[in-house]
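An overview of the molecular structure
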There are 2 protein chains.
Amino acid sequence: MAGDGSDQRALQYEQTLMYGRYTQELGVYAKEEAARIRESGQRRSVSDRSLLEYDKGRCAKCRICTVRCQKFLISRVGEDWIFLILLGLVMALVSWVVDFCIAMCLQAQKWMYGGLDSNVFLQYLAWVTYPVVLITFSAGFTQILAPQAVGSGIPEMKTILRGVVLKEYLTFKTFVAKVIGLTCALGSGMPLGKEGPFVHIASLCAALLSKFMSLFGGIYENESRNIEMLAAACAVGVGCCFAAPIGGVLFSIEVTSTFFAVRNYWRGFFAATFSAFIFRVLAVWNKDEETITALFKTRFRLDFPFDLQELPAFAVIGIASGFGGALFVYLNRLIVQFIRNQKTINKFLMKKRLLYPALVTLIISTMTFPPGFGQFMAGRLTQKESLVTLLDNRTWAKQGIAEEFDYFGNFQAWQHPQVNVFVTLVIFIVMKFWMSALATTIPVPCGAFMPVFVIGAAFGRLVGESMAAWFPDGIHMDGTIYNIVPGGYAVVGAAALSGAVTHTVSTAVIVFELTGQISHILPIMIAVILANAVAQALQPSIYDSIIRIKKLPYLPELGWGHHEKYNIRVEDIMVRDVRYITLNCTYRDLHNVLLTGHLKTLALVESAESMILLGSIERAQLQSLLSQQLGRPRRLEYIRDRSLEEKKKRLSVVSCQNSDDGSQRASQEVRFQISTEESSFSPTRTSPPKPLKPALKRPSVVERPTELPTSPNDHSGIALKNLLCASPDAEAVERNNNNTLEVPVSPEHRRPSKRVRISVVDDGDVEDDMTMREIAEWEEMQLDEQVNFNNCKIDPAPFQLVERTSLHKTHTIFSLLGLDHAYVTSIGRLIGVVSLKELRKAIEGSVTVKGVKVRPPLASFRDSGTSSSENEATELHKLWDRHKSMSLPREHTPSSESDEKSH
Amino acid sequence: MAGDGSDQRALQYEQTLMYGRYTQELGVYAKEEAARIRESGQRRSVSDRSLLEYDKGRCAKCRICTVRCQKFLISRVGEDWIFLILLGLVMALVSWVVDFCIAMCLQAQKWMYGGLDSNVFLQYLAWVTYPVVLITFSAGFTQILAPQAVGSGIPEMKTILRGVVLKEYLTFKTFVAKVIGLTCALGSGMPLGKEGPFVHIASLCAALLSKFMSLFGGIYENESRNIEMLAAACAVGVGCCFAAPIGGVLFSIEVTSTFFAVRNYWRGFFAATFSAFIFRVLAVWNKDEETITALFKTRFRLDFPFDLQELPAFAVIGIASGFGGALFVYLNRLIVQFIRNQKTINKFLMKKRLLYPALVTLIISTMTFPPGFGQFMAGRLTQKESLVTLLDNRTWAKQGIAEEFDYFGNFQAWQHPQVNVFVTLVIFIVMKFWMSALATTIPVPCGAFMPVFVIGAAFGRLVGESMAAWFPDGIHMDGTIYNIVPGGYAVVGAAALSGAVTHTVSTAVIVFELTGQISHILPIMIAVILANAVAQALQPSIYDSIIRIKKLPYLPELGWGHHEKYNIRVEDIMVRDVRYITLNCTYRDLHNVLLTGHLKTLALVESAESMILLGSIERAQLQSLLSQQLGRPRRLEYIRDRSLEEKKKRLSVVSCQNSDDGSQRASQEVRFQISTEESSFSPTRTSPPKPLKPALKRPSVVERPTELPTSPNDHSGIALKNLLCASPDAEAVERNNNNTLEVPVSPEHRRPSKRVRISVVDDGDVEDDMTMREIAEWEEMQLDEQVNFNNCKIDPAPFQLVERTSLHKTHTIFSLLGLDHAYVTSIGRLIGVVSLKELRKAIEGSVTVKGVKVRPPLASFRDSGTSSSENEATELHKLWDRHKSMSLPREHTPSSESDEKSH
């Protein structure tokens, strides 16, 4: 049964491919799914019966019951909540296991370092070699297994949730590479985070789980549902990483979405809560904790958390964090740019791919070597330990506190006999700042959130300690003395800096959930908002920066307070010279349009005069139309027909095989006449010159689904929009008999024609005996034929705007529906087109953006997707080039058409 | 200058009205705005100069500087953040003042009650009379001033944010009525909340502030911007009500939006934080608090907030709250239904509108009378006091605690010598439950959140006390004794029940912010999610329930886990018999279409054969076209023309006035010829039989903007969609000279034609001397003319779907873009239409919904908006009826057309 299922899926897969990249063949899917379920139901009842026969004895009924239960359970599998619970459970386990392994790795390093305390050089070697090996392994492993696993993953998820298909990013290979790579990278003790990768891992998990669940049938093939599940998965990723369900949901919304469906919000909350719960329960079961609590629990006083007069200090933290955040993003990009722009370095590093990670790790771990420079910057603390000490309740500076602060345990790291704690903190901040910016450029799975969070906490602690030193008895005026709590400042700083780098305000919520205290809510909110305001004015967020570096398709955000966006209109930015094809165009027109432009979709208009927009056609469809018209099989058929005619003349004997073919031809004739009759509504459409031949050959198009160019590099295929564009199938046409442009070939027609084609291929007597000149002549003849769009996939309702639509509105619609282009029409007439590119230009004209125009150094993986379609394109070009080199006299010049277009 | 400004605005207002209800005349706006700014700039520089001349002495430069500063400040006023800060500030002040007044009112009642302790009867009178008077005043005041202020306001805001225009809901009158009505209602001590009304008040505030700010120019006329600001205002409303910025933002998203723009989220956070901050700072300045803290601060222990084994109890609270919440919504609706369905009661109450509120208040306050039944249910505590005591840290039940609990202050209310605290709690919950459900049906401004919150807290406390009694030493196994904290259960219960009633999970966040503790995050999240799951399966949310009761236009949510929504397609639910008009139809066709259908917009197709969709036209536009064609002014002109011709024949003398008219006519002729030349692209369009006459009369259409039916009951005018549909104006046509269907009248044409019209009206010699039969004949003649769509406002890009679009997708698109209908097309051809109604039916077919089909009892206000357009409609009907009564022979029958349509 499983085998049957997989066969059926393979069939489905083929049928999906039939129309190239259209993934939304819902009608077909639904019917096949229904048929499949019905079939499997029958099969199951058969197996029920066979079970009965096989074991007629005592427990037959019991067995049937079991089978039924199983059936019921499987039918329940389609429910969302089961999926979400499974996702939450799996991610909690993954998160816990990763955390456990990281802790083990870090402990091993400490143990090695501690064991060698007799010899400083050996100690140094151990301290440095360990992370270098781990990072190099991580980089190599991901590079070999799945280069897509490199980096944070949030930028890619943002792109995918916008509707762009980045399929290689959601495979099992990537999952394995990301999890193992991340564990090794974080186990090395480098200043790297696990948040971004966890968003990616959760999405991978959701995608794989979806695939797995689709084995049980149900609605897992639905693309829009999958996107909803991915949105929930992003929330789970953050949620299980920090045990912060609410913050996770909000953070994932802020970093991945422009418009958010509130119904996904439920899914996110449900899954993230479950995941965070399991994650913390695992800690309790492992006896790490006594009960479920926050990850970095603080114990600030509740009755008087802060004084109103401390607010300016919090505001200063916010503003400074804003500048710091922008600087971090800028620095990170600068490093990437520097390495890429230096050609010699770049060349060298491209050859020795693992040298760069090893080198960076060597530098960073040398700097943090505790007996060396590390002693001035608490180098021996891991990231987690640093954070725990920074968020501590007590005041470190000795002046302002009643009890003498005793530096014990990890706190000793902050104490240095020569320099005081302020200097240590400053050095820590400065060093960690560039280290983190540098470390996040290493091509391993890693995020930047946690390092930035720690730096922010250190900065906050610095301000707090200064305040405590400045006001030893607190600021409060009347009566009671409330000392200043530097830990509160650390919390504020952490939220503000991480908010500034990621351009989010939900870091505030994450901080509440991480520390388990919400008493500082107003200072944190104020600081985060100020930090965001400053950082957003200066730089894009770290994720947008990476999106630009990686040149992923994106749409910049409209900043707020830019009035121009309300005054710029679509007519100001649209491209007026639209590439279009008319209903009655010839293959030659098609050829020229395809040669001159590079748009992925072309507008179909009624005629060049009326310009009434009828729909849009994908470039791939047109390419396949053209290559079918000019392709070898058609030429062979032509030869066969010619020889057949000659034979007829000579022998006038009709073979058995040919009679079959003849009856087929008759049926085709009838069918074609019907279709021309139907298409009478378009008055300008002249009937093709040779009606019988094309009709005879047309059905073979349907039989070669895999021959259509599927162009996997067509990254901007938009999921949400596609969903609007599912074409009417045979049934729909039957119901609306005025529907004429698409006359699909029903299965009854298909099968005989298949026989025809097979017979054509089978009779080996046909030889390609045409000379090059003959071929060229034949092709010229073919090119002058009128295009038959009958079997072409037309999107009948492309998105339309009017000229007066404002930029603001256009942006909203593009991001809402995930469009990549829209036609501008005026009462049915096509007058222009706006694509993401124009929109981006228009927005970036008003919003200052520092785009990066270089290629990623080790990101050769991004080319892998494009290769196959390039091959196809070049094949087609070869065809055309050969065609050109023959230089036959032609009446038609491409320039005349383009003139016509730009009128 | 202010006078000039208001004149200009009046002009603008007229010009907005020109095209009926199109509010998105952005192009016109932008240009006028630019002109106005330029003008005022000139005027200002003039005033600068006059200032110089006036005061050439010492401080002239200083004054110029001041003026410039002022100018700069005014230019800054357009910025979003200034608006948001102002909004936050105003709302914080309003919230604080309202709270202060409520506290005063409640104190006054207590003081009266306390002062009369000698006589129980007098005490009872005082206890009962006071709330009755306040509620009656509140009900009467709002009923008289602005009946729109009644109720929560969240349902209305949800509808408005969906794009529906409910203009009367955002006026200054409503603001005053809502604030004063709310203060009185809450001051009475009834179980009512302030949250819902505050969402409405904040939105009112934003709308009024927008209007006020537009005095300084800028972008405040932009409708989409206003909707964004309203979304932020909703967040501010919740934020300043509970001093809960994060919860406020999330709650407002959940209750008002289906799709949320993340950029609004920033605005909401910014404004809500500022507002909450000011709100709490006011409390500090008023010496109520020492520093900024939470409203209902709790002091649960941090180190071990709860045991893992307590989780089942929390889950039980969640599930029970789910059932309770659903029951509350059901009960609330049941009460409303009962009162409406009982015709005698309804009739009586409609007469004596204030009797119902008074009666309900009397019943409730009698029940809570402290020396009476109130002693068993802590009747003397106000809502706030109840909540503070319920969230208390200590355990009330005496068994399980070390120290004897001393009931002091407000806690005494929970103690009763005869019954123990469990009974008191149960009575409290049961009594408050029906009281709250009943009280929220009173027609005063009130919400249901706070009462439900208190009931939830009481339920949680009950469970917590039971647990504490059951496990006196806590549940934790090894070593340390951790007592159970019933206060934590109360927090969980409050969040769960309020979440269940409102169908939100963000009540969890509100609870954290209200209590200032986040330690119970996981139990709260689990309980809230369970409560939501149960409640959503049983009943709509309280707000959706009110939306249905009030019959506001809405789109039900798709429940999750309903697979059918992916399999139902648009073709299954669409209406195939679309009302349409063709480009070459006659006025008679128009007439018949308008008579037979009641759709607000009609499709415009190229011809009945091709069915190519060109755009959609509003019904009002068509009505105005028809009434112009048949109206008296046109008939008078006809008479004048006839008499003029007669005169010409007789006198052949051309008067001076007529020569002016003649030149005008000539220019009109030229213009018309150009326009017919341009419209040659549509091949099926035959030229009208009498080209000169209609062209001559046409421009007068533009001169009567206020005469167009504006149909204020047209509630479903959709904001977001309209923005796509701004028509090309003169400039756009000049640029694209192929654009033919709309040939707008430029100002140069307008002015002379005005003179013509005035001259027509002015020459009093024309008399309406036609007999009824003559009029009927003339009208018949007019009806046979072809419709001239030149000055008609056509939406050139109505939203289109294809047949295969799934229900799920359609729902998404409708809620994303706020559509109320969409055309279903197949490659340009119109084949069906889907409106909100069909969608609603389809969804409610799969999602079980208990719709309420009765009218609100005191909600006569809902009719007020519709009256004017009904008048217009009846006028038009009169015209037609008269027409019919004449019963002239007609060739055309309406049935033939409808047959044609349904083919």
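**Thoughts on the overall build of chain A**
- Check the secondary structure of chain A and you find 38 helices and eight strands.
- Counting every position in chain A, which comprises 903 residues, the buried fraction comes to 61%.
- In chain A, of all internal contacts separated by at least 6 residues, the share reaching a separation of at least 24 is 79%.
- Split by element, the accessible area of chain A, about 35,600 Å² in all, is 61% carbon and sulfur.

**Some points on the environment of A233 of chain A**
All names here are of chain A.
- Here A233 lies in helix 9 (residues 223–242).
- Between the C-alpha atom of A233 and that of A206, which follows or precedes it by 27 residues, the distance is 6.2 Å.
- With near-sequence residues (within four places) excluded, A233 lies in contact with L87, A202, S203 and A206.

**Considering the sheet that holds strand 5 (residues 794–795) of chain A**
Residues and elements named next belong to chain A.
- The strand order 2-3-4-5 describes an open sheet built from four strands, whose pairing is mixed. The open sheet has two edge strands with one neighbour each: strand 2 (580–582) and strand 5.
- Strands strand 2, strand 3 (601–605) and strand 4 (613–618) of the sheet are contacted by helix 25 (residues 619–630), whose axis makes an angle of about 75° with strand 4.

**Examining unusual backbone geometry**
- Phi angles above zero are rare outside glycine, and A243 of chain A is one such case at about 55°.
- Considering the arrangement of structural elements, one finds A243 of chain A in the loop between helix 9 and helix 10 (245–256).
- Located in the positive-phi region is A378 of chain B, a residue other than glycine, with phi close to 50°.
- Residue placement: A378 of chain B occurs in the loop between helix 14 (355–367) and helix 15 (383–390).
- Its relative accessible area of 4% is what places A378 of chain B among the buried residues.

**Looking at the pattern of salt bridges**
Residues and elements named next belong to chain A.
- The final tally for this structure, using the stated rule, is 14 salt bridges over all chains.
- With its nearest N and O atoms 2.8 Å apart, the salt bridge here joins E385 to K110. In this pair, E385 is assigned in helix 15 (residues 383–390) and K110 in helix 4 (residues 80–115), connecting sequence segments 275 residues apart.
- Between D641 and R640 there is a salt bridge, with the nearest N and O atoms lying 3.5 Å from each other.
- Here D641 falls in the buried class, since its relative accessible area comes to 7%.

**Considering helix 16 (residues 421–439) of chain B**
- Taking 1.5 Å per residue, 19 residues should reach 27 Å; helix 16 of chain B reaches 26 Å between its end C-alpha atoms and fits that length.
- Of all 19 residues in helix 16 of chain B, 15 are buried, a share of seventy percent or more.

**Considerations on the environment of G631 of chain A**
Residue and element names in this part refer to chain A.
- Checked against the element boundaries, G631 lands in the loop between helix 25 and helix 26 (632–651).
- The exposure class of G631 is buried, given its relative accessible area of 13%.
- Residues G631 and R840, 209 residues apart in the sequence, show an inter-C-alpha distance of 39 Å.

**Points about the sheet that holds strand 8 (residues 829–835) of chain B**
Residues and elements named next belong to chain B.
- Taken in spatial order, the three strands line up as 6-7-8 in an open sheet, and their pairing is mixed. Each edge of the sheet is formed by a strand with only one pairing partner; in this case those strands are strand 6 (800–801) and strand 8.
- For strand 6 and strand 7 (residues 821–826), the ladder comprises two bridges, and the chain directions are parallel. Note on strand 7: the bridge partner recorded for L801 is V824.

**Focus on the packing of helix 10 of chain A against helix 11 (residues 262–285) of chain A**
Residue and element names in this part refer to chain A.
- Running from N to C, helix 10 and helix 11 point in directions that differ by 135°, and their axes come no closer than 8 Å. By the criterion of interaxial angle, the relationship of helix 10 to helix 11 is oblique. At the point where helix 10 passes helix 11, the crossing takes the right-handed sense. Of the residues in helix 11, those touching helix 10 at P245, I246, V249, L250 and I253 are Y265, G268, F269, A272, T273 and A276.

**What about the confidence of the model for chain A?**
Residues and elements named next belong to chain A.
- Residues of chain A with pLDDT of at least 70 account for 68%, and the chain-wide mean is 71.
- By mean pLDDT, helix 36 (residues 861–864) is the weakest element of chain A at 29, and helix 18 (residues 486–502) is the strongest at 93.
- Confidence drops under pLDDT 50 across residues 399–404; counting only partners more than four residues distant or on other chains, this segment forms six contacts.
- Counting interchain partners and residues more than four positions distant, the pLDDT-below-50 stretch residues 653–764 has 197 contacts.
- With a pTM of 0.71, the predicted complex shows an ipTM of 0.70.

Scoring rules and cut-offs
Residues numbered from 1 in each chain as written. Chains lettered and ligands numbered in written order. Predicted model: local features only at pLDDT ≥ 70, side-chain atom pairs only at ≥ 80, totals over all residues. Heavy atoms only, no water. Helix = DSSP H or I, 4+ residues; strand = E, 2+ residues; numbered from the N terminus. Buried < 20%, exposed > 50% of the residue type's maximum accessible area, 1.4 Å probe, protein only. Contact = heavy atoms within 4.5 Å. Areas by Shrake-Rupley, 256 points an atom, 1.4 Å probe, with all protein chains shown as cover. Pairing = 2+ DSSP bridges. Axes fitted to C-alpha atoms, helices over the stretch in contact; angles between N-to-C directions. Salt bridge = Lys/Arg side-chain N within 4 Å of Asp/Glu carboxyl O. Expected span 1.5 Å × (residues − 1). Parallel < 35°, antiparallel > 145°, perpendicular 65-115°, else oblique. Left-handed = near helix turned anticlockwise from the far one by under 90°. pLDDT = per-residue confidence, 0-100.

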